[in-house]
Amino acid sequence: MVQCPADGLSQECIWERELEGWMFSEEGLSVAQRKFAHSLRDFKFEFIGDAVTDDERCIDASLREFSNFLKNLEEQREIMALSVTETLIKPLEKFRKEQLGAVKEEKKKFDKETEKNYSLIDKHLNLSAKKKDSHLQEADIQVEQNRQHFYELSLEYVCKLQEIQERKKFEFVEPMLSFFQGMFTFYHQGHELAKDFNHYKMELQINIQNTRTRFEGTRSEVEELMNKIRQNPKDHKRASQFTAEGYLYVQEKRPAPFGSSWVKHYCMYRKAAKKFNMIPFEHRSGGKLGDGEVFFLKECTKRHTDSIDRRFCFDIEAADRPGVSLTMQAFSEEERKQWLEALGGKEALSHSFNTAIIPRPEGSAQLDKMGFTIIRKCISAVETRGINDQGLYRVVGVSSKVQRLLSMLMDVKTCNEVDLENSADWEVKTITSALKQYLRSLPEPLMTYELHGDFIVPAKSGSPESRVNAVHFLVHKLPEKNKEMLDILVKHLTNVSNHSKQNLMTVANLGVVFGPTLMRPQEETVAALMDLKFQNIVVEILIENHEKIFRTPPDTTFPEPTCLSASPPNAPPRQSKRQGQRSKRPVAVYNLCLELEDGDNPYPSKEDTPTSSLDSLSSPSPVTAAIPGPPGPDKNHLLADGGSFGDWASTIISSRKARAVYPCEAEHSSELSFEIGAIFEDVQTSREPGWLEGTLNGKRGLIPQNYVKLL
């Protein structure tokens, strides 16, 4: 007999109940993940400033990608749940009702007959031996017939039990196999989703790497500027169209007996037009309270404390409001003096209210013959001794040694005696720090105050091609000496970036280091903090396009940079939805140079790496996928002499030449644009699947693998 559990349920019933519990939990998990995906889709990063970089824009869009990934995953989970109902729960329920139900009925019948049989036997055994023989014989026959019937019934019951046990082996296990097959399919679909997501994940890691690098590289600049502003706030006022502006308390007189009240206003004054604007302001409500007032100034007079029970006050008379006088209160005596001077008051001071930054005192660093000699001397030493040093230009030298080297180089008597290339007295980090310090000591940054804003504009908007054209145009507007010095330096930085697999100084890392060195606003204001990352982008453009910018004339028809458009800047190309073929355009491939080749030294310790996220870039490349190439029947001849496309994916190409068989327009600054027939030098396999790296007209970049033919 089959022993049932204490709760009266068979083992199959318990499994069915637990399976239903699992399904309920899966449904709860699916609902929770869909809610999470929905919240990710609706989340928005907040950005400070008037523009964001391409990397920041991609990071902002990444949460929607994560949301889509979870949504697709839950769709597969829903398919699995439906299949479980059809392939497992319903067959088990049918098996329980039809097969186990029949056995239960047989068991009831067997139990009933068992009780009847044993009762008859007990009664038969209790018969008295003194009964007549005929009566005893009749009783014996009845017992034998009942025994025979019970025996047959027992055989049927045992056969039924044996049948159920045998049926379990296929009618129960087969649905379980289908259930696990559905589960395996779900996990396989998740694996396929992860593979499809892998390319985007690599791009996003690069975006995060670039953003972290810019943040860490500019943080010291931000702190330095904050300290300057904190120490001399008046010397770092932002440029303004107004002669004077700021907060003042304005007295509002009321009828007796209510007296008067003082209301905070934000006031602006243009001296040329004598136009005075004031807007009521309440900081608790977060801004202005209503429309402002505008009047034209007639006269300004200082108020003394013997005429009013408040300090720092002055009166203003309006030309267009005869007989009306406004009493205003500044925040300090210093501010009142500045307002009186700006408004033409009787106690004006001699300095201007809207003071620009005090120009940096001119040191001995100049763009003269000596300056060019110092820069060339340092560059030559770096390229001779330390081009492969890790963290080149990022690792700083000892301040006292740097100052001593600069003093010797800037002294006409000792400059020629300093041997940087062969002397072990000067470390490479001391030389690189001296070069940067010299450039920072110039009376004006190398890319000039005048063009600083113009250089920033294209870095904030437009396509990659338009950015390069804009920077190209502006470089040729620089003074000749500035352009010559910039050419020498950027050529050197291009060489440094070409050795990034050894020195870890990618184009992005060099942009972080030299952005604040080559570019600096004339007025170092809080608003200037927001432009630090765009200075880095300008330097990146210079390094990546050195040959074009410095060796070819700019397009004379290119319009001069104007203010930013109100419309959002064009985003770089991104991947399509998961269901289709993702675009394989990489975002910033040069950062992949951080991954060392097989056989190189192991990764340096975290302290030695440019950023703490180096490990995130060392994950294996995604599975190579064919990129849709140009249509047409002649597509197959692309692979002539170069093997099949699959062979290319698995073959390391090194230092080959290639010819373009289709034209291509670059969609990112890391890619090359070319026409049919263009010849590429030094073509190598890229770490980006489906792409090659090559040199065209002096510029190195990415080439779609199926657009060229190897020579």
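Please refer to the structure placed before this passage.
Residues numbered from 1 in each chain as written. Predicted model: local features only at pLDDT ≥ 70, side-chain atom pairs only at ≥ 80, totals over all residues. Heavy atoms only, no water.

**Student:** Residue-level account of the overall build of the protein, with values.
**Tutor:** Regarding its fold elements, the protein presents 17 helices and twelve strands. Burial analysis of the protein (711 residues in total) assigns 44% to the buried set. Of the roughly 38200 Å² of accessible surface on the protein, a fraction of 53% belongs to carbon and sulfur atoms. (Helix = DSSP H or I, 4+ residues; strand = E, 2+ residues; numbered from the N terminus. Buried < 20%, exposed > 50% of the residue type's maximum accessible area, 1.4 Å probe, protein only. Areas by Shrake-Rupley, 256 points an atom, 1.4 Å probe, with all protein chains shown as cover.)

**Student:** Describe the sheet that holds strand β9 (residues 679-685), naming the residues involved and giving the relevant values.
**Tutor:** As summarised here, the arrangement of the five strands in space is β11-β10-β9-β8-β12, forming an open sheet in which the pairing is antiparallel. Two strands lie at the open edges of the sheet, namely β11 (699-704) and β12 (708-710), each paired on one side alone. Shown here is a sheet whose adjacent strand axes are inclined to one another by a mean of 40 degrees, direction ignored. One ladder, built from six bridges, connects strand β10 (residues 691-696) with β11; its direction is antiparallel. Bridge pairing links L696 to K699 in β11. (Pairing = 2+ DSSP bridges. Axes fitted to C-alpha atoms, helices over the stretch in contact; angles between N-to-C directions.)

**Student:** Hey, could you go over the nonpolar core for me, with residue numbers and the actual values?
**Tutor:** The biggest cluster of nonpolar side chains holds 62 residues, and the ones touching the most others in it are F455, L486 and F514. The residues contacting L486, other than those within four sequence positions of it, are L446, M447, V475, L478, L518, L542 and F550. V250, F276, I316 and L340 belong to the second-largest nonpolar core, a separate cluster that totals 21 residues. (Core = buried A, V, L, I, M, F, W, Y, C linked by side-chain atoms within 4.5 Å. Contact = heavy atoms within 4.5 Å.)

**Student:** Before we move on, could you go through the environment of V490 and cite the residues and values that matter?
**Tutor:** Mapping V490 onto the fold places it in helix α11 (residues 480-498). Counting along the chain gives 53 residues from V490 to I543, while the straight-line C-alpha distance between them is 5.8 Å. If we skip the residues at most four places from it in the chain, V490 touches L542, I543, H546 and F550.

**Student:** Which residues make up the packing of aromatic side chains, and what are the values?
**Tutor:** Across all of its chains, the model carries 17 aromatic pairs by this definition. Plain terms: the ring middles of F197 and Y200 are 5.5 Å apart, the flat faces sit at 65 degrees to each other, and that makes the pair edge-to-face. Of the two residues, F197 and Y200 are both situated in helix α3 (residues 133-231); the distance of three residues between them amounts to about one turn of the helix. Grouping residues by exposure puts F197 and Y200 together as buried. A network of ring pairs unites the aromatic residues F66, F69, F197 and Y200 as a single cluster. Against the face of Y247 rests K264, its NZ or CZ located 4.5 Å from the ring centre. (Phe/Tyr/Trp six-rings, centres within 6.5 Å; stacked < 30°, edge-to-face > 60°. Lys NZ or Arg CZ within 6 Å of the ring centre and 35° of its normal.)

**Student:** For unusual backbone geometry, give the residues involved together with the corresponding values.
**Tutor:** Most peptide bonds adopt trans geometry, and most residues besides glycine take a negative phi value. A positive phi angle, near 60 degrees, is found at F312, a position not held by glycine. Assignment of secondary structure puts F312 in the loop between β5 (293-302) and β6 (313-318). Positive phi values are uncommon outside glycine, yet L504 reaches one of about 65 degrees. On the secondary structure map, L504 appears in the loop between α12 (500-503) and α13 (507-518). The class for L504 is buried, based on a relative accessible area of 1%.

**Student:** Which residues make up the side chain of T494, and what values go with them?
**Tutor:** Summarising the element assignment, T494 is placed in helix α11. The exposure class of T494 is buried, given its relative accessible area of 18%. In this structure T494 touches I543 and H546, once residues within four positions along its chain are discounted.

**Student:** So what's going on with the pattern of salt bridges? Residues and values would help.
**Tutor:** Any two side chains of opposite charge can pair, given that their charged atoms come close. Taken as a whole and judged by the stated rule, the model has 21 salt bridges. A salt bridge links E163 to K160; the nearest nitrogen and oxygen atoms lie 4.0 Å apart. With a gap of three residues between them, E163 and K160 both fall in helix α3, about one helical turn apart. With a closest N to O distance of 3.7 Å, K657 and E681 form a salt bridge. Of this pair, K657 sits in strand β8 (residues 656-660) while E681 sits in strand β9; the two residues are 24 residues apart in sequence, bridging distant segments of the chain. (Salt bridge = Lys/Arg side-chain N within 4 Å of Asp/Glu carboxyl O.)

**Student:** Residues and numbers for the packing of helix α2 (residues 54-125) against α3, please.
**Tutor:** Direction vectors running N to C along α2 and α3 enclose 175 degrees, while the axes themselves pass 9 Å from each other. In terms of their interaxial angle, α2 and α3 are classed as roughly antiparallel. Per-class residue counts for the contact of α2 with α3 are 36 nonpolar, 19 polar and 17 charged. (Parallel < 35°, antiparallel > 145°, perpendicular 65-115°, else oblique. Nonpolar A, V, L, I, M, F, W, Y, C, P; charged D, E, K, R; others polar.)

**Student:** Give me the lowdown on the pairing of β6, citing residues and values where you can.
**Tutor:** In terms of burial, β6 is largely enclosed, as five of its six residues are buried. Strand direction decides the pairing type here: β5 and β6, joined by five bridges, are antiparallel. Its bridge partner lying in β6, L297 is registered against A318. Between β6 and the antiparallel strand that follows it, strand β7 (residues 325-329), lie six residues; G323 among them carries a positive phi value of about 80 degrees.

**Student:** Requested: an account of helix α5 (residues 369-385), with residues and values cited.
**Tutor:** An ideal rise of 1.5 Å per residue puts 24 Å on 17 residues; α5 measures up with 24 Å between its terminal C-alpha atoms. Regarding α5, the residues found buried are G371, F372, I374, I375, C378, I379, A381 and V382. If you follow the buried residues of α5, they end up packed against α6 (399-409), α8 (428-440) and α11. (Expected span 1.5 Å × (residues − 1).)

**Student:** With reference to specific residues and values, describe the pairing of strand β2 (residues 260-270).
**Tutor:** Alignment of strand β1 (residues 244-253) against β2, held across ten bridges, turns out to be antiparallel. If you follow E252 over to β2, its bridge partner there is S261. In this structure, β2 lies alongside strand β3 (residues 275-282), joined through six bridges in antiparallel fashion. Each residue of the ladder has a partner; that of Y266, found in β3, is I279. The turn linking β2 back onto β3 is made up of four residues, and K274 within it adopts a positive phi angle of 55 degrees.

**Student:** Account for the environment of L409, with residues named and values stated.
**Tutor:** Assignment of secondary structure puts L409 in helix α6. Sequence separation between L409 and T373 is 36 residues, and the spatial gap between their C-alpha atoms is 9.0 Å. Apart from residues lying up to four places away in sequence, L409 is in contact with M370, I374, K377, C378, C415 and V418.

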